[in-house]
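Observations on the three-dimensional arrangement
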Amino acid sequence: MISDVDALKIAERMENADNIDIKETIEKAATAGYLGEKHFYCTAIEEGGFTYTVPEILGDRYKSIPLDNMYYDIISKSLDFDGIYISLAYCNSHIILPDEEFDEIVEYDDYDLEEDEYEYMMEYALITADSTKKFKVFAEEGISGHEPTEDVGLIVNIIDKKYKAYFALRTTDQCMSSFRVIPFSADYPKEHPLSFKNPINKLMIEMIDNTIVLKSDN
């Protein structure tokens, strides 16, 4: 697992996003499958951090649309306003699969507790378009995972004619009535679900860094 310092270094490098191929990154992210409809992987951000799918912007939130020229025209226009959010990773404790189904198993133990003080093992499936990992942690560690109605990705916008990207969590209710994005922060302790120090987030930051498509890759 990467260190806290390395996670912040990735975030700092990602902030200068002129070299990210946004279209190719969205299309690659949509192959991960965890959101179902491909148009959910990128949403337009409006004031207050609320995000809207392209079908919602077109007036029919329940319509399925392809990632075609019209879709990317709307995404491009959104970049000129409050930006977009690209979903790139998913964390779910309800996906029950054997260890051999994952690319990597990561076990976390950071506290000096006696063996009999640990009681309940939590297992989280971490998914990107490139890889899957299982994260194991005892509940007594106090590490917060994410809800099934949440995903992790990048806020992308244009500031002073330059592309900027920031790690964030997108969250909604079970009815999916509204989506909201909340940036990660280095100010939270590692137990916080929005912390750069959170081991689950550090794993996903590393996974996302490997998933991003750069213009130099094409």
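Look up: the structure comes first, before these words.
Throughout what follows, the structure given in this document is the object of discussion. (Residues numbered from 1 in each chain as written. Predicted model: local features only at pLDDT ≥ 70, side-chain atom pairs only at ≥ 80, totals over all residues. Heavy atoms only, no water.)

1. Digging into unusual backbone geometry
Phi at D160 takes a positive value of approximately 55°, unusual for a residue other than glycine. Secondary-structure assignment places D160 in the loop between β7 (150-159) and β8 (162-172). Backbone geometry places K161, a non-glycine residue, at a positive phi of 65°. Looking at the element boundaries, K161 is found in the loop between β7 and β8. (Helix = DSSP H or I, 4+ residues; strand = E, 2+ residues; numbered from the N terminus.)

2. With respect to helix α1 (residues 4-15)
With twelve residues, α1 should reach 16 Å at 1.5 Å per residue; the first-to-last C-alpha distance of 17 Å fits that figure. Of all the residues in α1, the buried ones are A7, I10, A11 and M14. Along α1, the residues classed as buried sweep out an arc of 100° about the axis, all on the same side. Opposite its buried face, α1 presents the exposed residues K9 and E12, each directed more than 90 degrees away. Against the buried residues of α1 lie β7, β8 and α5 (199-211). (Expected span 1.5 Å × (residues − 1). Buried < 20%, exposed > 50% of the residue type's maximum accessible area, 1.4 Å probe, protein only. Arc of directions from axis to C-beta. Contact = heavy atoms within 4.5 Å.)

3. Some thoughts on the nonpolar core
If you look at the biggest cluster of nonpolar residues, it comprises 54 residues, and the most contacted ones within it are I26, Y71, L126, F135, L154 and F167. Setting aside its immediate chain neighbours within four residues, Y71 contacts I26, K38, H39, C42, V54, I65 and P66. In this structure, I45, I155, A168 and V181 belong to the second largest nonpolar core, which totals five residues. (Core = buried A, V, L, I, M, F, W, Y, C linked by side-chain atoms within 4.5 Å.)

4. Remarks on a nonpolar patch on the surface
Together, F50, Y52 and I57 make up an exposed nonpolar region whose accessible area comes to about 240 Å². Mapped onto the secondary structure, I57 falls in helix α3 (residues 54-57). (Patch = residues over 30% accessible without salt bridge, like charges linked within 9 Å, V, L, I, M, F, W, Y side chains within 5 Å. Areas by Shrake-Rupley, 256 points an atom, 1.4 Å probe, with all protein chains shown as cover. Salt bridge = Lys/Arg side-chain N within 4 Å of Asp/Glu carboxyl O.)

5. Quick look at the pairing of strand β9 (residues 179-183)
Relative to β9, strand β2 (residues 50-52) is paired through two bridges, and the arrangement is antiparallel. Residue F50 lies in a different strand from β9, and its bridge partner there is R180. As judged from the five bridges shared by β8 and β9, these two strands associate in the antiparallel manner. If you follow T172 over to β9, its bridge partner there is F179. (Pairing = 2+ DSSP bridges.)

6. With respect to the packing of α1 against α5
For the pair α1 and α5, interaxial distance at closest approach is 10 Å and the crossing angle is 40°. As summarised for this structure, α1 and α5 are arranged oblique, according to the angle between their axes. In terms of crossing hand, the pair formed by α1 and α5 is left-handed. Contacts between α1 and α5 involve D4, A7, I10, R13 and M14 on the former and, on the latter, K202, I205, E206 and D209. A per-class count over the contact of α1 with α5 returns four nonpolar, no polar and five charged. (Axes fitted to C-alpha atoms, helices over the stretch in contact; angles between N-to-C directions. Parallel < 35°, antiparallel > 145°, perpendicular 65-115°, else oblique. Left-handed = near helix turned anticlockwise from the far one by under 90°. Nonpolar A, V, L, I, M, F, W, Y, C, P; charged D, E, K, R; others polar.)

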